[in-house]
Amino acid sequence: MLWIIIIASLFVLFLVYGRLSHLHFVTTKFEVTDARINKDYTFVMLSDLHCCRHGKEYDKLIKRIDEIHPDFIFIAGDMITKHDYVDKECVQRVLRLIQNISKKYSIYYAPGNHELRIKDTDRYFDEITHMGVRLMRNQEMFFPDDGIRVWGLELSHERFREKQNLTEQELGEYLNRDYADKDVFNILIAHDPRHFDAYADWGADLTMSGHYHGGVMRLPLLGGVVSPYLRLFPKYDAGLFEKNGKHMIVGRGLGSHHPKLRWFNPPELVVIRLNKGKQ
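Residues numbered from 1 in each chain as written. Predicted model: local features only at pLDDT ≥ 70, side-chain atom pairs only at ≥ 80, totals over all residues. Heavy atoms only, no water.

A. Molecular detail of unusual backbone geometry. Look at His 211: it is not a glycine, yet its phi comes out positive at around 75 degrees. On the secondary structure map, His 211 appears in the loop between strand 9 (206–209) and strand 10 (218–219). Given the relative accessible area of 5%, His 211 is considered buried. For Phe 264, which is not glycine, the phi torsion reads 55 degrees and is therefore positive. Along the chain, Phe 264 turns up in the loop between strand 13 (246–250) and strand 14 (268–276). (Helix = DSSP H or I, 4+ residues; strand = E, 2+ residues; numbered from the N terminus. Buried < 20%, exposed > 50% of the residue type's maximum accessible area, 1.4 Å probe, protein only.)

See below:
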């Protein structure tokens with residue numbers, strides 16, 4: 001009987017820890033260097049908030065962003081959760097967050113699978129567009145003075161569920177361009193990191209992704225435990241990855257949908273320093 005009580009108590013503590021870990025985000029910094037850009041830049045990436053709170057009206061999150069004072073903010077999808085309505089208070093709270101930071105910073109937003117599955121997707125997109133946010137639905141923005149081109153990938157909902165990875169050709173069809181321009185630095189906002197091979201082969205110099213929530217639980221040496229597809233130990237769980245000089249940064253996300261639990265895997269605000277390298 002004593003052992004049952006001990007095991008049950010440890011299990012409860014394990015759940016409590018998982019819930020408490022979900023409430024406090026950390027800031028993780030990455031650096032990438034490239035000679036094609038014209039100066040140094042600092043970006044912030046938000047992803048996988050899923051309507052989870054960080055302070056009243058997100059004051060803790062906003063304060064941290066203001067301390068960083070980024071040149072741009074990139075949103076890599078899943079700020080809200082599927083099946084909600086825009087009128088729901090949790091979605092309205094996220095919209096107020098986006099409106100608040102859009103008054104101070106330029107925001108580029110590529111949707112994730114959850115934005116495509118809320119009850120009134122078009123209305124949600126209209127709301128953020130009216131705030132001045134640049135919605136990147138298989139679109140691109142060119143900054144000739146900076147030497148940077150930003151792309152935003154929107155996959156179909158069905159494509160998120162398919163087991164086969166994207167090919168380089170498929171990605172070109174989504175973005176309406178066979179290959180990225182090699183003369184500039186190409187940033188790709190792409191929610192699903194699973195397709196990194198296609199992103200890199202297509203020519204994305206820096207891909208920003210989320211989606212995996214860091215694997216829900218993280219273990220030493222093994223990394224994230226499970227992907228949204230319920231596959232154990234996904235390859236691109238979190239952090240910085242490199243292939244043939246191309247990079248991908250996968251954020252652990254600022255929240256979770258159900259269940260709202262994390263173990264050894266706190267929510268994460270991603271900061272990226274893009275440094276001008278030597279010719």
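Now that the structure has been shown, we can carry on.
B. Focus on the packing of aromatic side chains. This model, assessed by the stated rule, comprises 13 aromatic pairs. Pairing Tyr 41 with Phe 43 gives two aromatic rings, centres 6.2 Å apart and planes at 15 degrees, and the pair type is stacked. Just as Tyr 41 is buried, Phe 43 falls in that class too. Centre to centre, the rings of Phe 72 and Tyr 108 are 5.8 Å apart; their planes meet at 65 degrees, and the pair counts as edge-to-face. Of this pair, Phe 72 sits in strand 3 (residues 72–75) while Tyr 108 sits in strand 4 (residues 106–109), and the two are 36 residues apart along the sequence. (Phe/Tyr/Trp six-rings, centres within 6.5 Å; stacked < 30°, edge-to-face > 60°.)

C. Quick look at the pattern of salt bridges. Enumeration according to the criterion identifies 22 salt bridges in this entry. As a salt-bridge pair, Glu 127 and Arg 123 come within 3.8 Å of each other at their nearest N and O atoms. Pair noted here: Glu 127 and Arg 123 are both in helix 4 (residues 121–130), with a separation of 4 residues, about one helical turn. Of the residues examined, Glu 127 reaches a relative accessible area of 27% and is grouped as partly exposed. Each of Asp 34, Arg 36, Asp 205 and Lys 246 takes part in a single network of salt bridges with overlapping partners. (Salt bridge = Lys/Arg side-chain N within 4 Å of Asp/Glu carboxyl O.)

D. Here's a closer look at the environment of Phe 233. Structurally, Phe 233 can be placed in the loop between strand 11 (223–224) and strand 12 (239–243). Taking C-alpha positions, Phe 233 is 32 Å from Thr 121, a pair spaced 112 residues apart along the chain. Phe 233 has contacts with Leu 219, Leu 222, Gly 224, Val 225 and Val 226, leaving out every residue within four places of it along the chain. (Contact = heavy atoms within 4.5 Å.)

E. How the structure looks around the layout of surface pockets. In this model, the largest pocket occupies a volume close to 490 Å³. Lining the largest pocket are 24 residues; nearest its centre among them are His 114, Ser 227, Pro 228, Tyr 229 and His 257. Among the residues forming the lining of the largest pocket, the class breakdown is 9 nonpolar, 10 polar and 5 charged. In this model, the second largest pocket occupies a volume close to 160 Å³. Together, Asn 165, Arg 194, His 195, Phe 196, Asp 197, Tyr 212, Ser 227, Arg 231, Pro 234, Lys 235 and Tyr 236 line the second largest pocket. The residue inventory of the lining of the second largest pocket, partitioned by class, reads 4 nonpolar, 3 polar and 4 charged. (1 Å grid on protein atoms, 1.4 Å probe; cavity = no way out; pocket = protein on both sides within 12 Å on 5 of 7 lines; lining within 4 Å. Points joined across faces, edges and corners; volume = space filled by probe spheres on them. Nonpolar A, V, L, I, M, F, W, Y, C, P; charged D, E, K, R; others polar.)

F. Seen up close, the packing of helix 3 (residues 89–102) against helix 4. In the contact formed by helix 3 and helix 4, the axes pass within 10 Å of each other and the chain directions differ by 25 degrees. Considering the angle they form, helix 3 stands roughly parallel to helix 4. Read as a crossing pair, helix 3 and helix 4 show a hand that is right-handed. Seen from helix 3, the contacting residues are Val 91, Val 94, Leu 95 and Ile 98; seen from helix 4, they are Tyr 124, Glu 127 and Ile 128. The residue makeup of the contact of helix 3 with helix 4, split by class, is 6 nonpolar, no polar and 1 charged. (Axes fitted to C-alpha atoms, helices over the stretch in contact; angles between N-to-C directions. Parallel < 35°, antiparallel > 145°, perpendicular 65-115°, else oblique. Left-handed = near helix turned anticlockwise from the far one by under 90°.)

G. Examining the sheet that holds strand 3 more closely. What the 6 strands build is an open sheet, ordered 1-14-2-3-4-5; its pairing is mixed. Both edges of this open sheet fall to strand 1 (26–34) and strand 5 (134–135), since each of them pairs with a single strand only. With 5 bridges joining them, strand 2 (residues 41–46) and strand 14 adopt antiparallel strand pairing. Residue pairing across strands places Val 44 opposite Val 271, the latter belonging to strand 14. On top of the sheet, helix 2 (residues 59–68) reaches strand 1, strand 2, strand 3 and strand 14; it is set at about 10 degrees to strand 14, its chief contact. (Pairing = 2+ DSSP bridges.)

H. Molecular detail of empty space enclosed by the protein. Applying the stated criterion to the full structure yields 1 cavity of 30 Å³ or more. In this model, the largest cavity occupies a volume close to 30 Å³. Phe 43, Phe 72, Phe 74, Tyr 108, Phe 143, Asp 146, Ile 148 and Val 150 together form the lining of the largest cavity.

These figures capture arrangement, not role.
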